[in-house]
Amino acid sequence: MNDKIITYLETREKVTVNELAEALEMTGAKKFPKLIKEISTLESQGKLRFNDAGMLSLRKKQEKKKEVTVTGIFRANKAGFGFLIVDENEDDMFIGRNDVGYAIDGDTVEAVIKKPANRLKGTAAEAKIVGIVERSLKTVVGKFILDDEKPKYAGYIKSKNQKIQQKIYIKKEPVVLDGTEIIKVDIDKYPTRGHDYFVGQVRDIVGHQGDVGIDVLEVLESMDIVSDFPDDVLAEANAVPNAPTNKDLIGRVDLRQEVTFTIDGADAKDLDDAVHIKLLDNGHFELGVHIADVSYYVTEGSALNREAVARGTSVYVTDRVVPMLPERLSNGICSLNPNVDRLTQSCLMEIDRKGRVVNHQICQSVINTTFRMTYSDVNAILAGDDELAEKYQPIVESIHHMADLHAILEKMRVRRGALNFDTNEAKIIINDKGMPVDIVLRQRGVAERMIESFMLAANETVAEHFSKRKLPFIYRIHEEPKAEKLQKFLDYASIFGIHIHGTANKITQQALQEFMAKVENKPGADVLNMMLLRSMQQARYSEHNHGHYGLAAEYYTHFTSPIRRYPDLLVHRMIREYTQVTDEKIEHFRQVIPELATSSSALERRAIDAERVVEAMKKAEYMEEYVGEEFEGVVSSVVKFGLFIELPNTIEGLIHITTLPEFYNYNERTMTLQGEKSGKVFRVGQPIKIKLVRADKETGDIDFEYLPSEYDVIEKVKKSRKDRSNKDKRRPKSDQAKDHKSKKRKGSKPAKKASKKSGKKPFYKEVAKKKKRKKK
């Protein structure tokens, strides 16, 4: 059919679709839709085109030669425009609202470059989408709405995804839908020139409106994060024994005599890491990090492994966990419960008093933990709780040794330049009806940081071990920040008079450490640290070792959580396989690691997106009952369209620029908004008083209204030369002459003095009362 269409159009300049249908005998209810589908395919491939009158013609070969085409991933904005990602190492290309065509967020598209980037002006390249190479959206989840506007469809769903504006019409099904369902549909047709809507058919009824937790389930299902496991996966999990046998222990290092215990949150069920510590005769520490040997049960080629690869990671959202592995494994034989034998992979390290690992052993082992400890109990013991110390007497000495070693390791990481982005995290408390009842800050005591220190040490040791053996391996990498993003941050920091040693192209972690120390405990410190964090690249998995910039670590991997992360499980499998290295094993891992690293990184980002969407939804739902109330917050970000305000409990909302009482000018360099008449200034880190005017659970949006307060900052409005010149032209010449004489007499000392004085302001200036200003 494609060949027939092209052959016919080669002999004609332009035709209507109806003329083409008659010529190819493709009229009628059955044939005509097939023709339309073929035309749509050829148009997306750039082989033919429609003119403004709807006439069809072949795209001329010379037209193609003039256009530079690129292929990449389209990322949509809910406002209608988007960006084309061609390469991670290159800047994104801007796609205007009118150049998006019918591309959807995540589609692989072909685009032509309309305008190249101009680095001198700081403008991005602009492109226009001319074809869809591959659709990313295969399924959609949403609330079903009965509608008889299109009789051949049962109704439609509106996706929760704000980047999809069109309706998704549902084919009539044998099962009658009543309009209360949350359904998952497979997309059959996408929007085109002929119809601006999707068409899909029901795959599954996720639940019904009003069901407890259906809102979270809808988000997860929309991202293809599914709780239920396939039957063959569950069958394999159920076939795993409840306890290891003597045969399973053959060849393992027996560490059951060590005083080993777990330390986790009180609500944790999958205990996948345990620790032991001893003080050696030479004054060094022996630290053992023991991780559940999940790879012993999840073997390559199994249904369990296939599902773990597809999921990539466990997903944690408010009131539930979508696990990577069935609970039969994660909460059963792979959970390091107390007083039972468990198979593990251990990293045994001898660490000196400077925090250096001077000797190590990585082995398959068997352990038997003595206690299941919680962070709160360990923190209480370290704080001097005698009752708990008596209860856990056999491990109290170990706990104190661990605290000592943690302090040494922490100092060592700081000394080498590790960056500590210890930002506030919220914990959303949900009741039994799925409603958020409180939002509190997560507390991180010594116990939490101590276990983190030990896991970091094990991850680095394992990564260094295999890197030096020059074997194919998977690393967790964090590359140096990109110069463009870092330069924006450096420019902004300089506004506050904070000098950071180095340039955007080369800056050390120590220089950034010094910056973080300078702003610590000052107004806006949390916001500035967050801005620095956002200037960093995203950590990812790779077959190449590029080190970890944030940790200032030359070698790093993920070894410590194989129950919930697939890369850790892969590392365990390689540890086992590399006990006897062969060319076949080397070649096998060299082939599989790159793809697994890429997919694991993508699935990790999907999980983060799901957690972010659910958190925003629940925060908005929590704030719905506080609409109309007043709060005090901090300006967390200033953009062209307004201010983002963060409350002490991490809830963030927007004051849109259109709601401010006067016109505000945005200064991109200083990232400030200043009132044109009042001189009132808003900048990052500034306290502000606000009123909540809207909280929308469906979108996760929270809107605030600015309230005048004692926190307001007023600065002299700086007029450009052009503005002053235009203003002078409107005044009598005699007035202009007076001003000229006045300037000649007084000079510019007062202006310089004011400028110098304002340059000393650390973050913001509180406004003096009007009476005081009048006295002055």
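Everything quoted here is computed from the prediction, not taken from an experiment. Each chain carries its own residue numbering, running from 1 in the written order of its sequence. In keeping with the predicted nature of the model, local features appear solely for residues at pLDDT of at least 70, side-chain atom pairs appear and are counted solely at 80 or more, and the whole-chain, interface and lining totals rest on all residues. Excluded from the side-chain calculations are hydrogens and water; all other atoms, namely the structure's heavy atoms, are used.

Asker: Sorry, what's going on with the confidence of the model for the protein here?
Answerer: A low pLDDT means the predicted coordinates there should not be read in detail. Mean pLDDT for the protein: 86, with 90% of residues reaching 70 or above. In predicted models, pLDDT denotes the confidence assigned by the predictor to each residue on a 0 to 100 scale. Whether two residues are in contact is decided by their heavy atoms: any pair within 4.5 Å suffices. Note that residues 724–776 has pLDDT below 50 and, in this model, 29 contacts with residues that lie over four places away or in other chains.

Asker: Could you clarify how one ought to interpret the environment of Val-639 in this entry?
Answerer: Under the scheme used here, helices are H or I runs from DSSP no shorter than 4 residues and strands are E runs no shorter than 2 residues, and both carry numbers assigned from the N terminus. Turning to its location among the elements, Val-639 is positioned in strand β26 (residues 630–639). Remark: the alpha-carbon pair of Val-639 and Met-671, spanning 32 residues in sequence, is separated by 6.9 Å. Other than its neighbours up to four places away in sequence, Val-639 contacts Phe-644, Tyr-666 and Leu-673.

Asker: Just checking my understanding: could you explain unusual backbone geometry for this structure?
Answerer: Apart from glycine, the bulk of residues carry a negative phi angle, and the bulk of peptide bonds sit in the trans form. Within the chain, Asn-339 stands out as a residue other than glycine whose phi angle is a positive 65 degrees. Residue placement: Asn-339 occurs in the loop between α8 (327–333) and β19 (341–351). By relative accessible area, which is 56% here, Asn-339 ends up exposed. The phi angle at Met-671 is positive, at roughly 50 degrees, despite the residue not being glycine. Exposure classes here rest on a 1.4 Å probe applied to the protein chains alone. A residue is buried below 20% of its type maximum, exposed above 50%, and partly exposed in between. Residue classification places Met-671 among the buried positions, given a relative accessible area of 19%.

Asker: When you look at the pairing of strand β16 (residues 285–292) in this model, what are you seeing that I'm missing?
Answerer: Within a regular strand, the side chains alternate between the two sheet faces. Judged by how many residues are buried, β16 sits mostly within the fold: eight of eight residues are covered. Judged by which residues are buried, β16 turns out to be covered on both faces: Phe-285, Leu-287, Val-289 and Ile-291 on one side and Glu-286, Gly-288, His-290 and Ala-292 on the other are all buried. Bridging between strand β15 (residues 273–279) and β16 involves seven bridges; their strand directions are antiparallel. By the bridge assignment for β16, Leu-279 is matched with Phe-285. At least two bridges found by DSSP between two strands are what make those strands a pair. Linking β15 to β16, which pair antiparallel, is a turn of five residues; within it Gly-283 sits at a positive phi near 90 degrees. For β16 and β19, the ladder comprises eight bridges, and the chain directions are antiparallel. Bridging across to β19, Ile-291 finds its partner in Gln-345.

Asker: I would appreciate a short explanation of the sheet that holds strand β6 (residues 108–115) in the present structure.
Answerer: Pairing between the strands of a sheet comes from backbone hydrogen bonds, and it takes one of two forms, parallel or antiparallel. Ordered by their spatial adjacency, five strands build a closed barrel running β3-β4-β5-β7-β6, and the pairing between neighbours is mixed. The sheet shows a mean angle of 50 degrees between the axes of neighbouring strands, taken without regard to direction. The sheet contact formed by strand β3 (residues 69–76) and strand β4 (residues 82–85) spans four bridges and is antiparallel. Considered in β4, the bridge of Arg-75 is made with Phe-83. Fitted lines through C-alpha atoms give the axes, limited to the stretch in contact for helices. The angle between two N-to-C directions lies from 0 to 180 degrees.

Asker: Could you clarify how one ought to interpret the packing of aromatic side chains in this entry?
Answerer: For any two aromatic rings, the description comes down to two numbers: the centre-to-centre distance and the angle of the planes. Pairing of aromatic rings covers Phe, Tyr and Trp, the last counted by its six-membered ring, and requires centre-to-centre distances within 6.5 Å; plane angles under 30 degrees mean stacked, over 60 mean edge-to-face, and any other angle means tilted. Following the criterion strictly, the structure yields 18 aromatic pairs and no others. Ring geometry for Tyr-153 against Tyr-197: centres 6.3 Å apart, planes inclined by 75 degrees, an arrangement best described as edge-to-face. In this pair, Tyr-153 is assigned in strand β9 (residues 153–159) and Tyr-197 in the loop between β11 (181–189) and β12 (198–208), connecting sequence segments 44 residues apart. Tyr-197 matches Tyr-153 in its accessibility class, with the two residues each being buried. Taken together, Phe-466, Phe-473, Tyr-475, Tyr-578 and Phe-589 form an aromatic cluster joined through their ring pairs. A ring is considered to have a charge above it if a Lys NZ or an Arg CZ atom is located within 6 Å of its centre and within 35 degrees of its normal. The lysine or arginine in question, Arg-311, covers the ring of Phe-229, its NZ or CZ lying 3.7 Å from the ring centre.

Asker: In this structure, what is going on with the packing of helix α16 (residues 566–577) against helix α17 (residues 583–623)? I would like to understand it.
Answerer: Each packed pair of helices is defined by two parameters, the angle between the axes and the distance between the axes. Contact pair α16 / α17: the axes reach a minimum separation of 11 Å and the direction vectors enclose 170 degrees. Overall, the two elements α16 and α17 adopt an arrangement that is roughly antiparallel. Mapping the contact onto sequence places Tyr-566, Pro-567, Leu-570, Arg-573, Met-574 and Glu-577 in α16 and Lys-585, Phe-589, Ile-593, Leu-596 and Ser-600 in α17. Along the lines of polarity and charge, the residues of the contact of α16 with α17 split into seven nonpolar, one polar and three charged. Angular relationships are summarised with four words: roughly parallel below 35 degrees, roughly antiparallel beyond 145, roughly perpendicular across 65 to 115, and oblique for the angles in between. Each residue is assigned to one class: nonpolar for Ala, Val, Leu, Ile, Met, Phe, Trp, Tyr, Cys and Pro, charged for Asp, Glu, Lys and Arg, and polar for all the others, Gly among them.

Asker: Is there a simple way to explain the nonpolar core in this structure?
Answerer: Side-chain atoms within 4.5 Å link the members of a nonpolar core, which is a set of buried Ala, Val, Leu, Ile, Met, Phe, Trp, Tyr and Cys residues. Val-289, Met-373, Phe-454, Val-462 and Met-574 are the most contacted members of the largest nonpolar core, which has 82 residues in total. Tallying contributions element by element places helix α12 (residues 446–468) first for this core, with 10 residues. With near-sequence residues (within four places) excluded, Met-373 lies in contact with Phe-261, Thr-262, Ile-263, Asp-264, Val-378, Ile-381, Tyr-392, Ile-395 and Ile-399. By size, the runner-up hydrophobic cluster in this structure holds 51 residues, among which are Ala-620, Ile-688, Ala-695 and Tyr-706.

Asker: How do you make sense of the pairing of strand β10 (residues 168–171) when you look at a structure like this?
Answerer: Examined bridge by bridge, β9 and β10 share four bridges and lie antiparallel to one another. Looking at β10, one finds that Ile-157 is bridged to Ile-168.

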